[in-house]
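# Architecture and fold: a report
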Amino acid sequence: MQEPIVVTGLGAVSPLGAGVATNWKRLLAGQSGIRQNTRFDTQGWKCTIAGLVPSRAEDPEGFDPEAAMDAKDLRRTDLFIHYAMAAAQEALDQAGWHPENFEERARTATIVGTGVGGVPAITGAAETVKTLGVRRLSPFVVPSFLPNLAAGQVSIRFGFHGPAGAPVTACAASAQAIGDALRMIRTGEVDIALCGGTEGCVDPVAIGGFTAAKALSFNFNDEPQRASRPFDIDHDGFVLSEGAAMLVIERVSHAQRRGARPLAVLSGYGTTTDAHHVTAGWPDGREAARAMQMALAMAGVGAEAIDYVNAHATSTPVGDAAELAALENIFASSGKRTPVGSTKSATGHMLGAAGAIEAVFSVLALQNQILPPSLNIETPMPEAKAFDLLSDGARPARVDHVLSNAFGFGGVNAALVFSRYG
């Protein structure tokens, strides 16, 4: 029997604010992080909203980049690295993992996924070449945007010499990062891992590209907080968001030896590929369902044991319908109306960081025995009738096992199961 792998640290930066406590408090209160996009001039744009991480100047519980990195490093790196560093610091501090000797550092993995890396740095560099010439490019421009440099910068900052990885599997990236870290610990390659995801791509190219793909919401530009509405019949696309989330995971014996407090068990992981279409999954959700089944099998539980599903549900009509079909496949014989929600209704879609922030919320649901609400479900999709959509606010409940899903362009499906510790 495999030794349990436990979560001992959490970190988060999202449109709801900086820090896990702030995110959880605002999520339970039904607050939304979606607002008008002030990152650039959106006059004349079809989509004018986004999930922006609030600054400390805007919000006393907002993000302070200088608390994460010094001014010189901030100038040399893009936003996705800033967010990753802040979330990593918080998770490591909670876990109490600041190893001093080389052996411990060599047995620590750093796995940080991202959907697109430093797009703002890339587009900024292209503009510099166009307007000022190639000789005006900074020597730090390439390291500022490479997708693996979030993991790279974090490992340098904290001195972790174990494997470093950066799944770049679109919106499944950070769920796969957590799964990759789980595998490394299970095989004995490392003892402990910092894992999660980060994204900082609210810029004209990303907004324009997703608009061209007809993926973004634009019917609620005048009411941004109503725009992200997974499983509601009036959903019209996702809200592009940014931020980062990190988990520290380790074998329970490793945690116990060093006196760390387990927060939850990471009990299951499954991943599959649709091999069907670049941007759309199978309408019947067949491969998404298989990923969930694999995660349940690793966890050693049946569908009836799942007390909460934090769905991928981005608020796109096609994606929401396919996930509901997959969930129906898994839960039809469970004998209960399984609670299903989507915390993206509050955060928007953080792309490569989505799986990690939802993993954080899943752990908090287990810790606090509370199911977080899903916002903006005013008229549920008919396909959701078999599920309890958590549209009536946060709810105390017995929560022993949580399933968290993440699906990405290219047909990547990832599912995680978290279980109550003790």
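The notes below deal with the structure included here. (Residues numbered from 1 in each chain as written. Predicted model: local features only at pLDDT ≥ 70, side-chain atom pairs only at ≥ 80, totals over all residues. Heavy atoms only, no water.)

Summarising burial for strand β5 (residues 108-113): six of the six residues are buried, a large majority. With burial as the criterion, each face of β5 is covered, one bearing Thr108, Thr110 and Val112 and the other bearing Ala109, Ile111 and Gly113. As judged from the two bridges shared by β5 and strand β6 (residues 164-165), these two strands associate in the parallel manner. Each bridged residue has a counterpart across the sheet, and for Ile111 the counterpart in β6 is Gly165. (Buried < 20%, exposed > 50% of the residue type's maximum accessible area, 1.4 Å probe, protein only. Helix = DSSP H or I, 4+ residues; strand = E, 2+ residues; numbered from the N terminus. Pairing = 2+ DSSP bridges.)

With 17 residues, helix α3 (residues 79-95) should reach 24 Å at 1.5 Å per residue; the first-to-last C-alpha distance of 25 Å fits that figure. Most of α3 sits out of view: 12 of its 17 residues are buried. Along α3, the residues classified as buried are Phe80, Ile81, His82, Tyr83, Ala84, Met85, Ala86, Ala87, Ala88, Ala91, Leu92 and Ala95. Once α3 finishes, Gly96 follows within two positions and takes phi at roughly 65 degrees, a positive value. (Expected span 1.5 Å × (residues − 1).)

Moving on to the nonpolar core. Of all hydrophobic cores here, the largest spans 51 residues; its most connected members are Val7, Leu10, Leu247, Ile249, Leu416 and Phe418. Not counting the four nearest positions on each side in its chain, Phe418 is found in contact with Val7, Leu247, Val265, Leu266, Ser267, Ala359, Ser362, Val363, Leu366, Asp400, His401 and Val402. Grouped together as the second largest cluster of nonpolar side chains are 30 residues, Val53, Val112, Val154 and Leu194 included. (Core = buried A, V, L, I, M, F, W, Y, C linked by side-chain atoms within 4.5 Å. Contact = heavy atoms within 4.5 Å.)

This part takes up helix α11 (residues 286-299). Relative to the 20 Å expected for 14 residues at 1.5 Å per residue, α11 spans 20 Å between its end C-alpha atoms, a close match to the ideal helical length. Taken residue by residue, α11 has Glu287, Ala288, Ala289, Ala291, Met292, Ala295, Leu296 and Ala299 as its buried positions. Buried positions along α11 lie against β9 (264-273), α12 (317-331), β14 (401-408) and β15 (412-419). Once α11 finishes, Gly300 follows within two positions and takes phi at roughly 75 degrees, a positive value.

Assignment of secondary structure puts Thr347 in helix α13 (residues 344-347). What Thr347 contacts, discounting residues up to four positions off in sequence, is Ser14, Pro15, Leu16, Ile34, Gly51, Ser241 and Phe361.

A few words on the environment of Glu103. As for its position among the elements, Glu103 is in helix α4 (residues 102-106). Placed 59 residues apart in sequence, Glu103 and Gly162 show a C-alpha to C-alpha distance of 9.5 Å.

A few words now on unusual backbone geometry. Look at Gln369: it is not a glycine, yet its phi comes out positive at around 55 degrees. With respect to the helices, strands and loops of the structure, Gln369 is situated in the loop between α14 (354-368) and β12 (370-371). Relative accessible area serves as the criterion here: at 22%, Gln369 is assigned to the partly exposed category. Of note in the backbone geometry, Asn376 takes a positive phi value of approximately 65 degrees without being a glycine. Residue position: Asn376 is located in the loop between β12 and β13 (395-396).

With that settled, consider the pattern of salt bridges. Taken as a whole, this structure holds 22 salt bridges when the rule is applied. Between Arg226 and Glu378 there is a salt bridge; the shortest N-O distance is 3.1 Å. Of this pair, Arg226 sits in the loop between α9 (204-212) and β8 (243-251) while Glu378 sits in the loop between β12 and β13, and the two are 152 residues apart along the sequence. Arg226 sits in the partly exposed class, given a relative accessible area of 26%. One salt bridge in this structure joins Glu250 and Arg258, with 2.6 Å as the shortest N-O distance. A relative accessible area of 0% places Glu250 in the buried class. On the basis of relative accessibility, which here comes to 25%, the residue Arg258 falls in the partly exposed class. (Salt bridge = Lys/Arg side-chain N within 4 Å of Asp/Glu carboxyl O.)

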